[in-house]
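# Reading the structure
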Amino acid sequence: MVLGRSFSRRTRKGNSYSPHNPGSVNRPPGLGRTATSHRTYFPAAGFDWALPIYDPLAKLLGAGKYSSAVVDWLELAPGHWVLDIGCGTGTLAVLIRQLHPGVAVVGLDPDPRALALATHKAERAGVEVHFDRGFSDQLPYSDASFDRVCCTGVFSLIPPEEKETTLREVHRVLRPGGSFHLVDLFKTPRGSFLWHLVKPGLRFEVWNVDKTIALMHQAGLINPRKTGQFPNWFWPWPLACYQAFR
Ligand SMILES: C[S@@+](CC[C@H](N)C(=O)[O-])C[C@H]1O[C@@H](n2cnc3c(N)ncnc32)[C@H](O)[C@@H]1O
């Protein structure tokens, strides 16, 4: 039971993250990727050891302001169900629940350490948020479960071959009329030049706006568009805000 309502999940026997997912097999953990039960992921601060400095760093870079803007953008109403994919240390999920106590919030992330911090954060704030361990391309929820799905600072970190499945999963778990809110780095000409300098050391892929919107279309999402952007002092690329509907 979550927040007084039964939450049906697509459980798989034993560990959910099995080699049945073809994208997960044989990808060796490398720089900036952490292995968990057959799968790897890019942790919040790039490396596991850096997780404790993720929140202070994000705060220093003004993430608090962005989180508030994202909450406004979600246009929430009492009774809504919200899923935060790649919730990390739970800052956005907790803030949503603090500002909208009548909304049910679920955060999902593959990183157990980030989820432990997120759970702690929710407890300290005295709010109820449900956190699940999982990956964006295998959402453990029933069809049409959520009114809003958000995903901030994660999409570039998802391997290219899992991006379309992720968007299809978003479409599946959204209720008709529900909206998807994506905040992600996007490639600019200046960023493209810097990208070539850092790319050899990184295992993630930053896309341009058109490519991201085209994939949202392909996944069945309606009217995907870029609605705004945030500056980003940490990486060579700014952050785009995209919205789409089911
Ligand atoms: C840069 S952090 C962003 C965290 C949070 N959304 C925020 O805006 O502060 C990226 C998060 O994505 C998670 N992540 C990485 N790969 C993922 C995947 N395939 N599915 C879901 N989450 C993933 C990481 O564990 C990490 O917590």
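As a starting point, this report considers the structure included with it. (Residues numbered from 1 in each chain as written. Predicted model: local features only at pLDDT ≥ 70, side-chain atom pairs only at ≥ 80, totals over all residues.)

## A short note on the overall build of the protein
- Counting secondary structure elements, the protein contains 7 helices and 9 strands.
- Classification of the 246 residues of the protein by burial places 38% in the buried group.
- Look at the contacts in the protein between residues 6 or more apart in sequence, and 65% of them connect residues 24 or more apart. (Helix = DSSP H or I, 4+ residues; strand = E, 2+ residues; numbered from the N terminus. Buried ≥ 20, exposed ≤ 12 C-beta atoms within 10 Å, placed from the backbone. Contact = placed C-beta atoms within 7 Å.)

## Details of the environment of Thr212
- You can see Thr212 is positioned in helix α7 (residues 209-218).
- Along the backbone, Thr212 and Phe155 are 57 residues apart, and their C-alpha atoms lie at a distance of 9.4 Å.
- In contact with Thr212, not counting residues within four places along its chain, are Asp184, Trp207 and Tyr242.

## A few points about the packing of helix α5 (residues 160-173) against α7
- Look at α5 against α7: their axes get within 9 Å of each other, and the N-to-C directions meet at 50 degrees. As far as their axial angle goes, α7 and α5 are oblique. As for the relative orientation of α5 and α7, their crossing is right-handed in sense. Counted together, Lys163, Glu164 and Leu167 of α5 and Leu215, Met216 and Gln218 of α7 form the full contact between these two elements.
- Considering only residue class, the contact of α5 with α7 consists of 3 nonpolar, 1 polar and 2 charged. (Axes fitted to C-alpha atoms, helices over the stretch in contact; angles between N-to-C directions. Parallel < 35°, antiparallel > 145°, perpendicular 65-115°, else oblique. Left-handed = near helix turned anticlockwise from the far one by under 90°. Nonpolar A, V, L, I, M, F, W, Y, C, P; charged D, E, K, R; others polar.)

## Some details on the environment of Ala118
- Tracing the backbone through its elements, the reader meets Ala118 in helix α4 (residues 112-125).
- Residue class for Ala118 comes out buried when judged on the 24 C-beta atoms lying within 10 Å of it.
- What Ala118 contacts, discounting residues up to four positions off in sequence, is Cys87, Thr89, Gly90, Ala93, Gly107 and Phe131.

## Considering the sheet that holds strand β4 (residues 104-109)
- Strand order across the open sheet formed by 7 strands is β5-β4-β3-β6-β7-β9-β8, with mixed pairing between neighbours. The open sheet terminates on both sides in strands that have one partner only, identified here as β5 (130-133) and β8 (222-230). Taking each pair of neighbouring strands and ignoring which way they run, the sheet shows an average axis angle of 20 degrees.
- Set on the sheet, helix α3 (residues 91-99) makes contact with β3 (81-85), β4 and β6 (146-152); between it and β4 the angle comes to about 180 degrees.
- This element, α4, spans β4 and β5 of the sheet and lies at about 175 degrees to β5. (Pairing = 2+ DSSP bridges.)

## So, α5
- For α5, built from 14 residues, the straight-helix expectation of 20 Å at 1.5 Å per residue is met to within 8% by its first-to-last C-alpha distance of 21 Å.
- Regarding α5, the residues found buried are Lys163, Thr166, Leu167, Glu169, Val170, His171 and Val173.
- Residues of α5 that are buried make contact with β3, β6, β7 (174-185) and α7. (Expected span 1.5 Å × (residues − 1).)

## Structural notes on unusual backbone geometry
- Look at Glu75: it is not a glycine, yet its phi comes out positive at around 45 degrees.
- Looking at the secondary structure, you find Glu75 in the loop between α2 (63-73) and β3.
- We note that Asn223 has phi near 50 degrees; this positive angle belongs to a residue other than glycine.
- Among the structural elements, Asn223 can be located in strand β8.

## Overview of the site of the ligand
- Lining the immediate surroundings of the ligand are 22 residues, of which Tyr41, Gly86, Gly88, Ser136 and Gly153 lie closest.
- Across the shell around the ligand, the residue classes break down as 14 nonpolar, 6 polar and 2 charged. (Near = placed C-beta within 6 Å.)

## Describing α3
- Every buried residue of α3 is listed here: Thr91, Leu92, Ala93, Val94, Ile96 and Arg97.
- Where the residues of α3 are buried, they touch α1 (54-60), α2, β3, β4, α4 and β6.

## Quick look at the packing of α2 against α3
- With their axes 10 Å apart at the nearest point, α2 and α3 run at an angle of 55 degrees to one another. Overall, the two elements α2 and α3 adopt an arrangement that is oblique. For α2 against α3, the interelement crossing comes out right-handed. Contact residues: Ser67, Val70 and Val71 in α2; Thr91, Leu92, Leu95, Ile96 and Leu99 in α3.
- Residues that form the contact of α2 with α3 fall into these classes: 6 nonpolar, 2 polar and no charged.

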